[in-house]
Amino acid sequence: METELKIEDYKNTPSGAGGKKMHPHKFTLWVAIGSIIMMFAGLTSAFIVKSNQVGWKTIVLPKVFWISTAVIITSSITVQMALRSFKNREMSRYRMLIGLTLLLGAAFVALQWLGFNELWAQQITFKGSGAGQFLYVIFGLHAVHVIGGIIALTVMYVKAYVGKIKLYSSVPVEVAATYWHFVDGLWLYLLVFFLIIGG
């Protein structure tokens, strides 16, 4: 009887070998990340092709973009700390860190806006042909994805105060943290790309 139970339990495991299947939300996230990577790969590839054309103008990135880089890196650290706090059921610390990540994300977007305004004041607009036009599109799309993350963090922050956590499932926090790390890494890639190729 014991052997039969063990065999039955073995058959009922998700992978048939004691493994676990990926949570649907995590799977959806990775599919979305794959799509976003393909989109930005296409945009940066187009940038490289265009940069070889006659009349191409390079730009110097505003210093405020370096400040925003420090801000988003810090936010990646705080969201990871929030995830750890949630898993340890340190809810007060979790709320504080999620709130801090939310503020840092908003600060990043605000700094990006200041950078765009500085570029515009330097007469770098959508007219003509140059790195500035691509920068508006690529950095702007990245900012949109950051705003999406901010919305998700806002929902989590509100739920942390008004919602009742019964099962302490860390999946939503893991998904949010993974996405936030992704937009952080994507920003670093774009920044280095523009410094090497667009400078």
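In short, a report on the structure.

For the protein chain, the count of helices and strands is 6 helices and 0 strands. Put simply, the protein chain runs from its N terminus to its C terminus through helices and strands in the order α-α-α-α-α-α. In the protein chain, which comprises 199 residues, the proportion classed as buried is 41%. Of the contacts formed within the protein chain by residues at least 6 apart in sequence, a portion of 83% connects residues at least 24 apart. Carbon and sulfur atoms make up 67% of the accessible area of the protein chain, which totals about 11,700 Å².

The subject of this paragraph is the packing of aromatic side chains. By the definition in use, this model includes 15 aromatic pairs. Each member of the aromatic cluster is reached from another via a ring pair, and the members are F47, F65, F108, F116, W120, F134, Y136, F139, W187, Y189, F193 and F194. Across from the ring centre of Y161, 5.4 Å away, lies the NZ or CZ of R95, which sits over that ring.

Glancing now at helix α2 (residues 24-51). Helix length check: α2, at 28 residues, gives a terminal C-alpha distance of 41 Å against a target of 40 Å (1.5 Å per residue), a fit within 8%. The complete set of buried residues in α2 reads L29, I33, I36, F40, L43, T44, F47 and S51.

A few words on the nonpolar core. Core analysis: the largest hydrophobic core is formed by 52 residues, its most contacted members being Y94, L135, F139 and F194. Contributions of two or more residues to this core are made by α2, α3 (64-87), α4 (91-121), α5 (131-162) and α6 (171-198).

Moving on: a nonpolar patch on the surface. A surface patch of nonpolar side chains, about 540 Å² in accessible area, is lined by I48, W66, V192, L195, I196 and I197. Structurally, L195 can be placed in helix α6.

Parameters at a glance
Residues numbered from 1 in each chain as written. Predicted model: local features only at pLDDT ≥ 70, side-chain atom pairs only at ≥ 80, totals over all residues. Heavy atoms only, no water. Helix = DSSP H or I, 4+ residues; strand = E, 2+ residues; numbered from the N terminus. Buried < 20%, exposed > 50% of the residue type's maximum accessible area, 1.4 Å probe, protein only. Contact = heavy atoms within 4.5 Å. Areas by Shrake-Rupley, 256 points an atom, 1.4 Å probe, with all protein chains shown as cover. Phe/Tyr/Trp six-rings, centres within 6.5 Å; stacked < 30°, edge-to-face > 60°. Lys NZ or Arg CZ within 6 Å of the ring centre and 35° of its normal. Expected span 1.5 Å × (residues − 1). Core = buried A, V, L, I, M, F, W, Y, C linked by side-chain atoms within 4.5 Å. Patch = residues over 30% accessible without salt bridge, like charges linked within 9 Å, V, L, I, M, F, W, Y side chains within 5 Å. Salt bridge = Lys/Arg side-chain N within 4 Å of Asp/Glu carboxyl O.

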